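# Commentary on secondary and tertiary structure
Residues per chain, in single letters:
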2 protein chains.
Amino acid sequence: MVRGALATLLGLEDDLEVVAEAGDGAQAVATAIAIRPDVALLDIEMPGKDGIAAAAEIRAAVPECKVMILTTFGRPGFLRRAMEAGASAFLVKDSPAAELAEAIRRVLAGERVIDPGLAAAALSAGPNPLSPRERDVLAASVDGASIGDIAGQLHLSEGTVRNYLSAAIQKVGARNRIEAVRSAESQGWL
Amino acid sequence: MVRGALATLLGLEDDLEVVAEAGDGAQAVATAIAIRPDVALLDIEMPGKDGIAAAAEIRAAVPECKVMILTTFGRPGFLRRAMEAGASAFLVKDSPAAELAEAIRRVLAGERVIDPGLAAAALSAGPNPLSPRERDVLAASVDGASIGDIAGQLHLSEGTVRNYLSAAIQKVGARNRIEAVRSAESQGWL
DNA sequence: GGTTCTGGATGACAAAAGTCACATGGTGAC
DNA sequence: GTCACCATGTGACTTTTGTCATCCAGAACC
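Remember, predicted model here, so these are calculated numbers, not experimental data. (Residues numbered from 1 in each chain as written. Chains lettered and ligands numbered in written order. Predicted model: local features only at pLDDT ≥ 70, side-chain atom pairs only at ≥ 80, totals over all residues. Heavy atoms only, no water.)

### Re the overall build of chain A
If you tally the helices and strands in chain A, you get ten helices and four strands. The 190 residues of chain A split such that 44% are buried. Across chain A, contacts joining residues at least 24 apart in sequence account for 57% of those joining residues at least 6 apart. Put simply, chain A shows about 9,200 Å² of open surface, and 52% of that area lies on carbon and sulfur atoms. A distance of 7 Å separates the average location of the 19 positive side-chain charges in chain A from that of its 25 negative side-chain charges. (Helix = DSSP H or I, 4+ residues; strand = E, 2+ residues; numbered from the N terminus. Buried < 20%, exposed > 50% of the residue type's maximum accessible area, 1.4 Å probe, protein only. Contact = heavy atoms within 4.5 Å. Areas by Shrake-Rupley, 256 points an atom, 1.4 Å probe, with all protein chains shown as cover. Lys, Arg positive; Asp, Glu negative; His and termini not counted. Charge placed at Lys NZ, Arg CZ, Asp CG, Glu CD.)

Okay, structure coming up:
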């Protein structure tokens, strides 16, 4: 519904044309390759996951297509990863609707558009302090899995899982697994 | 942005007029009382919380104003509470945008509009099994608080908190606190 | 060749978390 | 007036977590 509404809205602008819509990441990549649009506007939270991966794929397959990220949660880590994936813009959905069309025009003109408050947050937060393995273990514990579950799922010994979790908890400055997960999630580190 | 886009979209319909917009629950209630619209379209997740409470207040203060809930997460418990608050419609944002205007017309004609899949889920899930106090304790533990923290926050002894938590975990069929929180949240029981 | 880093593992230990049994008041329903 | 819950509390007990020290193998780097 949101996508449809935004598409209709953008279609009302004289100088913009919505050439396609897609419901998930994979479909977005396929459509971008087929249509070769000037710009692709992607969300991060999508069914089938990861608008950032989709962004990277589109950049690789269709270099002349600028990629813009429009997302609900302005997490510093998301911004960082989006930029690394070659995105030209990073906007959050709580800015006014009029800004969207304006941002698209600026991107088409070659500018990069980044929510200023978010840019500051991303710079002050610093990079993801978690090692890849710590990230895996923390990510595997989001929905209440026990140490044993995580160990089985990741083919590690329980002791190792405990160690990684302990390290992750310290690094993010949390007091236990749950706080660590919340905190890492809110920074976009998972 | 989403609100603005939907408002513009609805404004394009010949027979509908958007008379106001509000950014949070309190403002929505105040505006509804001032403007006395035919229908109010509310989200549940709002800054300042709880579109369902706002719905109930609007129903009480402006009885001729129908209240519709449009939300991202179609949780059975949300639907139940929305209906108890006197809502005339409960829609989820992943239905097509065209349906929204149609739903508004049906509500204005006196019908109740409910997402059918969600209605089934709400009926099969049954009512919230948690006692109010169990709900409080579980809700207080969402972001990683320890038993001691919760006890202090709710002015209970640690043993009592443990007992409530244990009961809640059993009732929702979870294996630990985190699973219980996730599960209760996904049902809309918190 | 030595140093350092990372991924992985073990064992020990303390601190939480979770379970159980049981006790006491209060509130409604029948 | 009894019965069934609820909210609240205690104490004992087991299981899970989280922390720490220490170890080993491979890769990278100088």
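So much for the structure itself; the text now carries on.
### Let's talk about the protein's contact with DNA strand D
Residues in contact with DNA strand D amount to 19 residues; listed here are only the nearest, A:Asn163, A:Ser166, B:Ser131, B:Arg133 and B:Tyr164. For DNA strand D, the fraction of protein-proximal atoms (within 4 Å) that sit in sugar or phosphate groups is 60%. At 3.4 Å from a phosphate oxygen of DNA strand D is found a main-chain nitrogen or oxygen belonging to A:Ile147. Within the side chain of B:Ser131, an N or O atom sits 2.6 Å from a phosphate oxygen of DNA strand D. For the surface near DNA strand D, the elements supplying multiple residues, two or more each, are helix H9 (158–171) of chain A together with helix H7 (132–140) and helix H9 (158–171) of chain B. (Near = heavy atom within 4 Å. Polar contact = N/O pair within 3.5 Å; in protein donor to acceptor, adjacent residues only side chain to side chain.)

### Here's the deal with the layout of surface pockets
Rolled over the atoms, a probe as big as a water molecule pinpoints where empty space is left. All names here are of chain B. Each pocket or cavity is described by its volume, and for the second largest pocket that value is around 190 Å³. Around the second largest pocket sit 14 residues that line it, and Gly77, Arg81, Asn128, Gly188 and Trp189 are the ones nearest its centre. Residue assignment for the lining of the second largest pocket shows that the elements contributing at least two residues are helix H4 (76–84) and helix H6 (116–125). Examining the composition of the lining of the second largest pocket, we find that five residues originate from one element, H4, more than from any other. Residue classes in the lining of the second largest pocket are distributed as six nonpolar, four polar and four charged. (1 Å grid on protein atoms, 1.4 Å probe; cavity = no way out; pocket = protein on both sides within 12 Å on 5 of 7 lines; lining within 4 Å. Points joined across faces, edges and corners; volume = space filled by probe spheres on them. Nonpolar A, V, L, I, M, F, W, Y, C, P; charged D, E, K, R; others polar.)

### Things to note about the nonpolar core
Formed by 36 residues in total, the largest nonpolar core has its most connected members in A:Leu100 and B:Leu100. Of all elements in the fold, only helix H1 (2–11), strand S2 (66–71), strand S3 (89–92) and helix H5 (98–108) of chain A together with helix H1 (2–11), strand S2 (66–71), strand S3 (89–92) and helix H5 (98–108) of chain B reach the threshold of two or more residues within this core. Apart from residues no more than four positions distant in its own chain, B:Leu100 is found in contact with A:Met1, B:Leu6, B:Leu10, B:Leu41, B:Leu70 and B:Leu91. (Core = buried A, V, L, I, M, F, W, Y, C linked by side-chain atoms within 4.5 Å.)

### Here's the deal with the protein's contact with DNA strand C
Not every one of the 18 residues close to DNA strand C is listed here, only the nearest: A:Arg133, A:Asn163, A:Tyr164, B:Ile147 and B:Ser166. When atoms of DNA strand C within 4 Å of the protein are sorted by moiety, sugar and phosphate together comprise 64%. B:Asn163 is positioned with one of its side-chain polar atoms (N or O) 3.0 Å from a base nitrogen of DNA strand C. Contributions of two or more residues to the surface near DNA strand C are made by helix H7 (132–140) and H9 of chain A together with H9 of chain B. Broken down by element, the residue count for the surface near DNA strand C peaks at five residues, all from H9(A). Looking at the surface near DNA strand C, its residues break down into four nonpolar, ten polar and four charged.

### A few points about the interface of chain B and chain A
Taken together, the contacts link 27 residues of chain B with 27 residues of chain A. Between chain B and chain A the total buried area reaches about 2,100 Å² when both faces are included, carbon and sulfur atoms providing 66% of it. Summed over the three residues of chain B that lose the most area to chain A, namely B:Met1, B:Ile178 and B:Arg182, the buried surface amounts to 33% of that side. Summed over the shared surface of chain B and chain A, the number is two salt bridges. A salt bridge links B:Arg175 to A:Asp149; the shortest N-O distance between them is 2.3 Å. Applying the counting criterion to the chain B and chain A interface returns eight residue pairs in polar contact (both at pLDDT 80 or more). For the side of chain B that touches chain A, the secondary-structure elements that each account for two or more residues are H1 and helix H10 (177–187) of chain B. In terms of residue count, the dominant contributor to the side of chain B that touches chain A is H1(B) (five residues). When the residues that make up the side of chain B that touches chain A are grouped by side-chain class, the tally is 14 nonpolar, five polar and eight charged. (Buried area = accessible area lost by both parts, 1.4 Å probe. Salt bridge = Lys/Arg side-chain N within 4 Å of Asp/Glu carboxyl O.)

### Things to note about empty space enclosed by the protein
All chains considered together, the criterion is met by one cavity of 30 Å³ or more. Lining the largest cavity are 13 residues, and of these A:Val142, A:Ile178, A:Arg182, B:Ile178 and B:Arg182 lie nearest its centre. Broken down by secondary-structure element, the contributors of at least two residues to the lining of the largest cavity are helix H10 (177–187) of chain A together with H10 of chain B. A per-element tally of the lining of the largest cavity places H10(A) first, with five residues. Its residues assigned to classes, the lining of the largest cavity comprises six nonpolar, two polar and five charged.

### Section: the sheet that holds S3(B)
Residues and elements named next belong to chain B. Here four strands make up an open sheet; going across it, the order is S1-S2-S3-S4 and the pairing parallel. This sheet does not close on itself; its edge strands, each paired only once, are strand S1 (39–42) and strand S4 (113–114). As judged from the four bridges shared by S1 and S2, these two strands associate in the parallel manner. Bridged to Val39 within S2 is Lys66. Packing of H5 onto the sheet brings it into contact with S1, S2, S3 and S4, and relative to S2 it is tilted by some 155°. (Pairing = 2+ DSSP bridges. Axes fitted to C-alpha atoms, helices over the stretch in contact; angles between N-to-C directions.)

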